[in-house]
Amino acid sequence: MTLLDTELAPGAEPARKVPLRGRQTWRRLRADRPAMAGLAIVASMIVVALAAPLLCALEGQDPTTFHSGLLDSARGGVPHGAFGGMSGDHWLGVEPGTGRDVFARVVHGARVSLAVALGATVLELLVGIAIGLGAGLGGRRADAVLSRLIELSLAFPPFLLALALMAIVPQSVPRPLLLACVLTAVNWGSVARVTRNQAMALRGRDHVAAARLSGARPARIAVREILPGLAAPLLVLAALKVPANMISEAGLSFLGAGVRPPTPSWGQMLSTATTWFRTDPAYVIIPGALLFTTLLACTLLADGVRRAVDPRWNGRS
Amino acid sequence: MRMRPTVLLGAVLLAAASGTVACSGSGSGSASSAFDPQNCQGGTLTVLNQGGLNEFDPARLYTSGGGALPTLVYRTLTTRQRVPGEPGTRPVPDLATDLGTPSDNARTWKYTLKDGLKFSDGTPITAADVKYGIERSFSPDLPGGAPYLHDWLIGGADYKGPYTGGELKSIETPDARTIIFRLRRPHGDFPYLATATQFAPVPRAKDTGVKYKNAPVSSGPYTVEKYEQGRKLILARNPHWSRAVDTQRLACPDRIEVTSGLDKTVINQRLVSGTGADAKAITTDTTVGPEQLARLDGDRRLAGRVARGVFGETKYLAFDPTRKPFDDVRVRQAFAYAINRQSVVNAVGGTALASPATTFLPEDKAFGHRPHDHFPAGAAGNPAKARELLAQAGHPNGLTAELTFPNTDAGGYGPKVAAAVQDALKQAGITVRQQPLGEEDYRTITGKPATQPPLTLQSWGADWPAGGPFLIPIFDGRQILRDGGNFNLAQLDDPAVNREIDAISRLTDLDRAAPRWGALDAEIAKKALLVPLYHPRTVVLYGKDVKNAYIDRWRGWYDVSMVSVR
Amino acid sequence: MIWYLLRRLAAAAVVLLALSAIVYALFYLSPGDPAVLACGRGCDGERLALTREKLGLDDPVHLQYWHFLEGLVAGRDYSAGPDVDHCAAPCLGYSFQTDQPVTTMLLDRLPVSASLAAGAAALALPLGVSAGLLSALRRGRLTERVMTGVTLLGFATPVFLIGLVLLMVFCAYLQWLPFPAYVPLTESPARWAQNLVLPWVALALIQAAVYARITRAGALETLVEDHVRTFRAYGLRERQVIRRHALRGALIPLITLTALEVAQVMTAAVLTETMFGLPGIGKLTVESVNSVDLPVVVGVTVLAGTVVVVANTVADLLHAAADPRVKLA
């Protein structure tokens, strides 16, 4: 084992060969209170994101309309009134400089954040599993080539590369989709590596050998015999990837390389907030708290999933 | 002409201005005595800037009135008058003995150099050096300066500079102190143009081409001790300069250290706290942010360290009326009615930093400004009227347009303004698709009529405080440049307009010319070829120990050549 | 061992070469003419042609890449007509937007980034290691829960959010510290530190979470090993247990895994520098990306890739040296 073969999660150990037992795992997860709290928050965030237009209609606002009359223009465009201009019309106040409704923007921002995080995770899994299986099951030559490719992809500093890629890609591509693709392009390596190593290990097992001897086609073996064995480590990995991708999206948007301005995003709001933190603290606190809560919930859930999949981890970390 | 996006020119070149408010002159903070020009020498002035310093070659600088920093090193035939208030919008002789003698209907301008002028290396400054400096600016290796000279001087359009093209015959130097310019057409405001750094003398023997910027020979109060492109400029005293030969610049500090590449927030925070060398710091390109604006209300000590002024500049929405749907004047009018100037002003920092504009000419007497508002949108837009006009024009269900703009907010007409415009137009049923472009792309694409997008955000700054350089590049039919660098985005070629421009240009009495520029602006505005959005204002801090930081009305900023840190 | 070392180094070199080739191809084959981007304002046909010549854009791609590699090793000259710009080795390219060699630009900003990284590490290491040890030794108690919770917070918070909160509390509300503005160490050590405190803390909190988790895992592993149990049973004092065994057990994974976290720390550093407006390499990267200054983007990406690869290799070698169980074959 070289260190490059260790799992990517901070402080984690090499993926262990634990079969995934659905019901048992779920039972363990349910007993894990922090994880369930995380799950509840993540679930409600997803509901909020899906229902964003509905919630905005309820409030009677939309995320893009300017309300220049609600701003104190002489003081640089700070909202009139306390707490960033919170009122019955604008539940979480208005954005300094534009007067756009903060509530409408954060619920729509939740869409971007979650869509990119989940979308990128799914894409990373698809790409990573495909390449990993190719390496693990495709014979020596395929393994040699693909393994080098995996190693190479892991040698890139992912965030920097994503930042640079976002800059050179044509502007016409829809940004959330682009973000998901770029994050996939720089992050698929870890999934591929885990998949390959697991596949390699499982290949030698009896049931796989039996399937092969009975003349099953390689694709069938991959799906029927190998993939179920991959479920446990990949579930853990995927759970960890969601918050990681969310942080990356927020970071890219913070640096101005994420979604384009009329589309709201939490990272982008926080970037604007750097010029307003003194005069309009509410504008930092609201998107900041949401981003923080969602990330924390995702991390708690991921931690819980890991413990539930492999209870022996409990003692470790 | 040719507008200057502020980003590009940055600090060094921040151009002309006409001020409305003169600032509280003397520095506050330190308990020392009031400012005394006779006893102000000494100390090191720190300049904290975001941009600028990308260029320091007098041929390549695009300044108005010599700029903030270049004027400390390069003296020119004429220069801006260094006094507070309205007289600061006038040119005065610098190297020359007077503002020039026009003849042949203002087609020929003759200047005589003062006696005893010397370069920093001790050699005398001659008329040939001035001529050579101008000739260099025609070299394709040294682009970037204001293109007026190419257009005005006879033979200027085809001249390629002294490296390959010999000499320019329309500049004559009959003796060491006389220089004569021959122009293609009458230009009454030639003395304003002669404030540009291209009119600085360059000794041919010391010319190193593109490397000249690293060690230029100085004619002003300071020499370049160190120049690192985009990062640092250190100026030290020029031993061959004295107030006896230069009546305009006070040049109080012994050293000036300029740092560029800093963040806006950082600059303002450093000026506010003023620890160490920052107490003697100023900035020549950074206005205050919302944070300081809010603080100025309650903090009187800080409010005493703020200079306020106006730079003659207009940000506007430009149509290409040769393209659908903007060929219909009613569509253009609809856009003009729909604009919400309040939200545009808020987008760029509120009323302290911008005033809503309904005229293309800046609001100052020097420009000949005459108030008018042909398509009154009120403070927050008139979407109803806009819809009505659109319906008349055959767009009862509104329309969709693509808006092109630079992708940074540094110039004050970037994404933030675009978002405000987009929202205002949405209220009138116009769907705007945003098309942000990188700075370079943006300039290349908008500068050619063939590639020009139909709807763009634009900025035009005054090269000198007069109506001509504001209206000519934008509306003169002979200024439509097909090969790039075009700013007549409407591609207006109206014989009546061209005739009036020629008639006003002929006037050498600029007080008579000004009101006619104002009248022309009001007349052209009826065509709705562009929608003025706002005129920026300057609100800028200076360090605790800085004195005489008054606002110069030409450039709307404090004049570094007059500031003292003693 | 020697063989393993050589093979590992050779592999690293191959990875680096491939990495630079991919980055180079990606950016130079991207849509948009690098000559137009490099040439800048007022660039007409004649100047554009000169810039192409200077950049060597008329050469085939593989030749261009070769020149890039050559520049890295031996330096190169960019010339067009009489105008020559020399770029000394290791030349990472030449930025025509700013008219400077990329290497110079990076070196210029290195002190800022180094100050940030060193200070943050100095805070994060003791903080993270002690938190990790504490939580390993106090298993099942409140301390452990608190420590785990705090570590989790560190993982779940983007560094710019921590930075913003710090700014709000210490600059705006308490007004204890100035808004950070980099002052060189050589100019005034006191003001250097005073201005960097907030960025240090922001970055250190993120890093400490990583260290804490690694330390905890390593220490736990050691503490359950038989010989430690035996020592404890023999009445060895707890402090000695910690120093001799728990800490040592955590040390190797700490070093190696820290190296693996280099990429993550770089990400956090980029965000920290941008957040606080510190003119370091990270901020340069963001600026170059925004102004599409491709030579700088390529240079920084290649440099960052190099750091990651070198860190990984060092980690592997250390791990191999320390742990005899690692197969050296």
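Residues numbered from 1 in each chain as written. Chains lettered and ligands numbered in written order. Predicted model: local features only at pLDDT ≥ 70, side-chain atom pairs only at ≥ 80, totals over all residues.

Before going further, it helps to examine the overall build of chain B. A tally of regular secondary structure across chain B gives 16 helices and 20 strands. Taken against the 2.2 N^0.38 rule, which gives 24 Å for 566 residues, the C-alpha radius of gyration of chain B at 23 Å falls within 12% of a compact globule. Taken along the three principal axes of its C-alpha coordinates, chain B extends 75 × 60 × 40 Å. Residue burial in chain B is summarised as follows: out of 566 residues, 60% are buried. (Helix = DSSP H or I, 4+ residues; strand = E, 2+ residues; numbered from the N terminus. Rg over C-alpha atoms; globule rule 2.2 N^0.38 Å. Buried ≥ 20, exposed ≤ 12 C-beta atoms within 10 Å, placed from the backbone.)

This brings us to the pairing of strand β12 (residues 306-310) of chain B. Within a regular beta strand, the side chains point alternately toward one face of the sheet and then the other, so they alternate between its two faces. Residue and element names in this part refer to chain B. Counting buried positions along β12 gives five out of five residues, so the element sits mostly inside the fold. Going residue by residue along β12, you find V306, R308 and V310 tucked away on one face and A307 and G309 tucked away on the opposite face as well. With five bridges connecting them, β12 and strand β18 (residues 530-541) associate as antiparallel partners. The residue of β18 that forms the bridge with R308 is V539. (Pairing = 2+ DSSP bridges.)

Predicted confidence across chain C gives a mean pLDDT of 79, with 83% of residues reaching 70 or more. With pTM at 0.84, the complex prediction returns an ipTM value of 0.83. (pLDDT = per-residue confidence, 0-100.)

For the rest of this paragraph, the subject is the UniProt feature "transmembrane region" (unreviewed entry) in chain C. All names here are of chain C. Per the UniProt record, "transmembrane region" (unreviewed entry) is annotated on residues 114-137, 149-176, 196-214, 246-272 and 292-315. The span residues 114-137 shows a helical share of 100% and a strand share of 0%, and its end C-alpha atoms are spaced 34 Å apart. Along residues 292-315 one finds 92% helix and 0% strand; the C-alpha atoms at either end are 34 Å apart. (UniProt positions renumbered as here; feature names shortened; annotations may be inferred.)

Let us now look at the sheet that holds strand β9 (residues 232-237) of chain B. In sheet architecture, strand pairing relies on hydrogen bonds along the backbone and comes in two forms, parallel and antiparallel. Residue and element names in this part refer to chain B. Strand order in the open sheet formed by five strands is β8-β9-β10-β1-β11, and the pairing between neighbours is mixed. Sheet topology places β8 (222-228) and β11 (281-282) at the edges, where each strand pairs with a single neighbour. Relative to β9, β8 runs antiparallel, the two sharing six bridges. Bridging from a neighbouring strand, Y227 pairs with L233 of β9.

What follows covers the interface of chain A and chain C. Facing the 45 residues of chain A at the interface are 51 residues of chain C. Every element with two or more residues in the side of chain A that touches chain C is listed here: α5 (140-155), α6 (158-168), α9 (218-254), α10 (266-273) and α11 (282-309) of chain A. The class makeup of the residues in the side of chain A that touches chain C is 33 nonpolar, nine polar and three charged. (Contact = placed C-beta atoms within 7 Å. Nonpolar A, V, L, I, M, F, W, Y, C, P; charged D, E, K, R; others polar.)

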